[in-house]
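Observations on chain architecture
What follows is the residue order along each chain.
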Amino acid sequence: MNPSESLELVDSQAYASPAYQRPDSKLWLFCIKLSEHLFPKKGELIVGINSIMRNLDDIADGDREPPKGFTAISYLQKKREFCQNPDNPEDDVDRYIRHCSDCAQGLGFDIQEELDDFFTYFMFDATRLNTGQVFSKVDLDQAYNACSRGTINGLIKVFGLAPDKFDVLAKMGKAVRIYYTLRDFEIDMAKGFVNIPLEEMEQYQIDQKDLSDRHSPGIRQWFQAQATLGMDWLKQHHEEVKKGNVPFLVQMIVPLMYERSARPYFEAVLADKK
């Protein structure tokens, strides 16, 4: 198999992910693919990192089995070590990682720190898969903030934005995280992922037995509170846009990729229709 075929195989596996079979993922995926046509070199890197991380995330959350001879944790750890020292690739994912590292270097920056942030998130999910374990807000935030940090800092580097744009973009990132958490609540619970922090379990008087009932009183109250918080983060993002703090390209892309799905979902929850 030539190098190009190796990369295409990883792409095709990523595009077949269950995460991309949801109706609200179609436009998001279209924008990812479109980036390669609008910004050939930068888009090639975006597509590559997206495909690699999608495949690894599927292994972390149980949507794909790891290669023979590995557990999810051992495979992810091996890929993490390769990202830190991308020599002697052993599989198509390694080859794609090295290709993306070379692409980034060609664009004038390094992505090792951002890739490692993603692995912090992957390893957290892999260790709690099928456990039903409840974690503190600090533990959950540490994992999800790492994922957000890797995504936002990566985009800042790719598009040459000022580092101080992180806090501005993070507002939308927080809204999107809430949207994904609510949207995927039942799917995640079936995998043993409890994304309600221990402190909020106590605040809304949610028992372990309530977690299997999306419409139990405590869960409904928590959903409403989270949707309210999500709407507030969207509002704060738009305030930054009005101040001129959000680059024009981001103003165009974010509504298509994220807000177009998140806002109506929050509104439906608050209207008690979800």
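Notes on the structure follow.

Calculation notes
Residues numbered from 1 in each chain as written. Predicted model: local features only at pLDDT ≥ 70, side-chain atom pairs only at ≥ 80, totals over all residues. Heavy atoms only, no water. Helix = DSSP H or I, 4+ residues; strand = E, 2+ residues; numbered from the N terminus. Contact = heavy atoms within 4.5 Å. Core = buried A, V, L, I, M, F, W, Y, C linked by side-chain atoms within 4.5 Å. Buried < 20%, exposed > 50% of the residue type's maximum accessible area, 1.4 Å probe, protein only. Expected span 1.5 Å × (residues − 1). Phe/Tyr/Trp six-rings, centres within 6.5 Å; stacked < 30°, edge-to-face > 60°. Lys NZ or Arg CZ within 6 Å of the ring centre and 35° of its normal. Patch = residues over 30% accessible without salt bridge, like charges linked within 9 Å, V, L, I, M, F, W, Y side chains within 5 Å. Areas by Shrake-Rupley, 256 points an atom, 1.4 Å probe, with all protein chains shown as cover. Salt bridge = Lys/Arg side-chain N within 4 Å of Asp/Glu carboxyl O. Axes fitted to C-alpha atoms, helices over the stretch in contact; angles between N-to-C directions. Parallel < 35°, antiparallel > 145°, perpendicular 65-115°, else oblique. Nonpolar A, V, L, I, M, F, W, Y, C, P; charged D, E, K, R; others polar. Lys, Arg positive; Asp, Glu negative; His and termini not counted.

As a further point, take the side chain of Asp57. Locating Asp57 in the fold gives a position in helix 3 (residues 40-60). Excluding residues within four positions of it along the chain, Asp57 makes contact with Tyr121 and Phe122.

As a further point, take the nonpolar core. Core analysis: the biggest nonpolar cluster contains 78 residues, and Leu45, Leu56, Phe122 and Phe266 have the highest contact counts within it. If we ignore the near neighbours within four places in the chain, the residues touching Phe266 are Ala175, Ile178, Tyr179, Leu182, Ala227, Gly230, Met231 and Leu234.

For helix 3, which comprises 21 residues, the first-to-last C-alpha distance of 30 Å matches the rise-based estimate of 30 Å (1.5 Å per residue) to within 8%. With 17 of 21 residues buried, helix 3 is to be regarded as a mostly interior element. Residue Gly62 follows helix 3 closely and has a positive phi angle near 85°.

Right, let's talk about the packing of aromatic side chains for a bit. In the structure shown here, the tally under the stated rule is 14 aromatic pairs. Among the aromatic side chains, those forming a connected cluster through ring pairs are Phe118, Phe119, Tyr121, Phe122 and Tyr144. Here the guanidinium or amino end of Lys33 rests over the ring plane of Tyr15, the centre of that ring lying 4.2 Å away.

Turning next to a nonpolar patch on the surface. Where nonpolar side chains cluster on the molecular surface, the patch consists of Phe30, Leu34 and Leu38 and spans about 290 Å² of accessible area. Positionally, Leu38 belongs in helix 2 (residues 26-38).

At their nearest, the axes of helix 2 and helix 12 (residues 248-270) sit 9 Å apart, and the two run at 170° to each other. The angle between helix 2 and helix 12 falls in the class roughly antiparallel. Facing Leu27, Trp28, Cys31 and Ile32 of helix 2, the residues of helix 12 in contact are Leu256, Met257, Tyr258 and Arg260. A per-class count over the contact of helix 2 with helix 12 returns seven nonpolar, no polar and one charged.

Within the secondary structure layout, Asp11 lies in helix 1 (residues 3-15). For Asp11, which is buried and forms no salt bridge, the nearest opposite charge comes from Lys33, at a distance of 9.1 Å. Aside from chain neighbours lying at most four places away, what touches Asp11 is Val47, Ser51 and Tyr96.

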